[in-house]
Amino acid sequence: MFRNVRLFTIDNPWPESEEALADALASAAFRACGPLTERSSGFESAAPEAGDSLARRVGGADLLRLRSQSRVLPAAAVNEELEARIADYRERMQEDPTPREKRRMKAEVRDELMPKSMLKSDRIHGYVDIKTKILGVNAAQPAAAERFTRRLQAAFGDLVVKPLQFDSPVSEFLTAMFLGDAAPNFAVGRECRMRDASDAAATVRWTNFDLGDETIRRHVADGMQVTHLGLVYDNIMSFVLDENGVLTKIKFLGVDDAADDELDPVARLDAEFVLFTGTMRALLEDLRQRLC
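Residues numbered from 1 in each chain as written. Predicted model: local features only at pLDDT ≥ 70, side-chain atom pairs only at ≥ 80, totals over all residues. Heavy atoms only, no water.

Caption draft 1: Up close: helix α4 (residues 142-156). Counted at 1.5 Å a residue, the expected span for α4 with its 15 residues is 21 Å, and the 21 Å between its end C-alpha atoms agrees. For α4, the full list of buried residues reads Ala-144, Ala-145, Arg-147, Phe-148, Thr-149, Leu-152 and Ala-155. (Helix = DSSP H or I, 4+ residues; strand = E, 2+ residues; numbered from the N terminus. Expected span 1.5 Å × (residues − 1). Buried < 20%, exposed > 50% of the residue type's maximum accessible area, 1.4 Å probe, protein only.)

And the structure:
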């Protein structure tokens, strides 16, 4: 469900019930693209297995799901039709169309082809820890997370959403862990990325290596900065943490995806969500103790 997490804080009061939250999200519910609409985003059923509610509250956290639909209109298709119309214009008018006329023709082609184009959808999960008012968005890219937060703010009107900040830079924690300064419940994994302090474009990545090897650690001693580090939390969850506090490549250890195939889909969804949000709650508390 969550492979990546970008974390935010919510300053406003949060709805006291699942029903109240679903009602608030209704104003930003998903609506399919119209014939001339290129993209549409909105919240849809958070757990289709459990019904149509736009939110699902389990274990002190709310599950949300944003759906974005877009029309697929390849530029090559537009250009091919445009070239045909330009050729027809030359034949009729015995001259080339002006730049302004070309722009008009291109807009006309797009308007005609848009309703015939294919539709595709992508979905982004998010969760809100009710007690701490932490928002986590399953987005590897900042643009996807921003799309989620914008629609959430549209639903509430005055919602204040800010990136989660610690008192100390996350990079200090990454460097300390990499150099062997153990933190309770955290262990170093087998992946890291470094950047040259004097040249941001100069990077090196280590994957599936023993990061305790002195030849690897020497790069930091020589001036490189750790920007991403693979970690294992409490022998439960592995992930890569970057200098901005973004978690990627999240994986729960020892979980057999096939083991619960006979479990009721709603029960399985709830169990996975409770495991994830509970682990994230504990992880962030341990990070706060280290970075505050």
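Don't stop here, the text continues.
Caption draft 2: Structural detail: the pattern of salt bridges. This structure, assessed with the given rule, holds 21 salt bridges. Across the pair Arg-67 and Glu-44 runs a salt bridge whose closest N-O atoms are separated by 3.8 Å. Residue Arg-67 is found in strand β4 (residues 61-72), and its partner Glu-44 is found in the loop between β2 (39-43) and β3 (56-58); the two are separated by 23 residues along the sequence. The two residues Arg-67 and Glu-44 agree in class, both being buried. Among the ionic pairs, Arg-104 bridges to Glu-101, the shortest N-O distance being 2.6 Å. With Arg-104 and Glu-101 both in helix α3 (residues 99-113), this residue pair falls three residues apart, about one helical turn. A residue is classified by how much of its surface remains accessible, and Arg-104, at 42% relative accessible area, is partly exposed. Each member of the salt-bridge network shares a partner with another, and the members are Glu-81, Arg-85, Glu-101, Arg-104, Glu-108 and Glu-112. (Salt bridge = Lys/Arg side-chain N within 4 Å of Asp/Glu carboxyl O.)

Caption draft 3: Main features of the packing of aromatic side chains. Inspection of the entire model under this criterion finds eight aromatic pairs. Seen from their ring centres, Phe-43 and Phe-148 are 5.5 Å apart, and the 90° between their planes marks the pair as edge-to-face. With Phe-43 in strand β2 and Phe-148 in helix α4, the pair connects residues that are 105 residues apart, well separated along the chain. Like Phe-148, Phe-43 is buried. With a centroid separation of 5.3 Å and an interplanar angle of 85°, the aromatic rings of Trp-206 and Phe-209 are classed as edge-to-face. Accessibility expressed as a relative area gives 16% for Trp-206, which makes it buried. Following the ring pairs from residue to residue traces out a cluster consisting of Phe-2, Tyr-127 and Phe-276. (Phe/Tyr/Trp six-rings, centres within 6.5 Å; stacked < 30°, edge-to-face > 60°.)

Caption draft 4: Region of the structure containing the sheet that holds strand β11 (residues 237-242). The five strands are arranged β9-β8-β10-β11-β12 in an open sheet whose pairing can be described as antiparallel. Strands at the two margins of the open sheet, each flanked by one partner only, are β9 (199-207) and β12 (247-252). Averaged over all pairs of adjacent strands, the angle between strand axes in this sheet comes to 20°, irrespective of strand direction. One ladder, built from six bridges, connects strand β8 (residues 186-196) with β9; its direction is antiparallel. Residue pairing across strands places Cys-192 opposite Trp-206, the latter belonging to β9. Strands in contact with helix α7 (residues 265-291) are β8, β10 (224-233), β11 and β12; relative to β12, the strand with the most contacts, it is inclined by about 125°. (Pairing = 2+ DSSP bridges. Axes fitted to C-alpha atoms, helices over the stretch in contact; angles between N-to-C directions. Contact = heavy atoms within 4.5 Å.)

Everything listed here is a matter of coordinates, which is why it stays silent on function.
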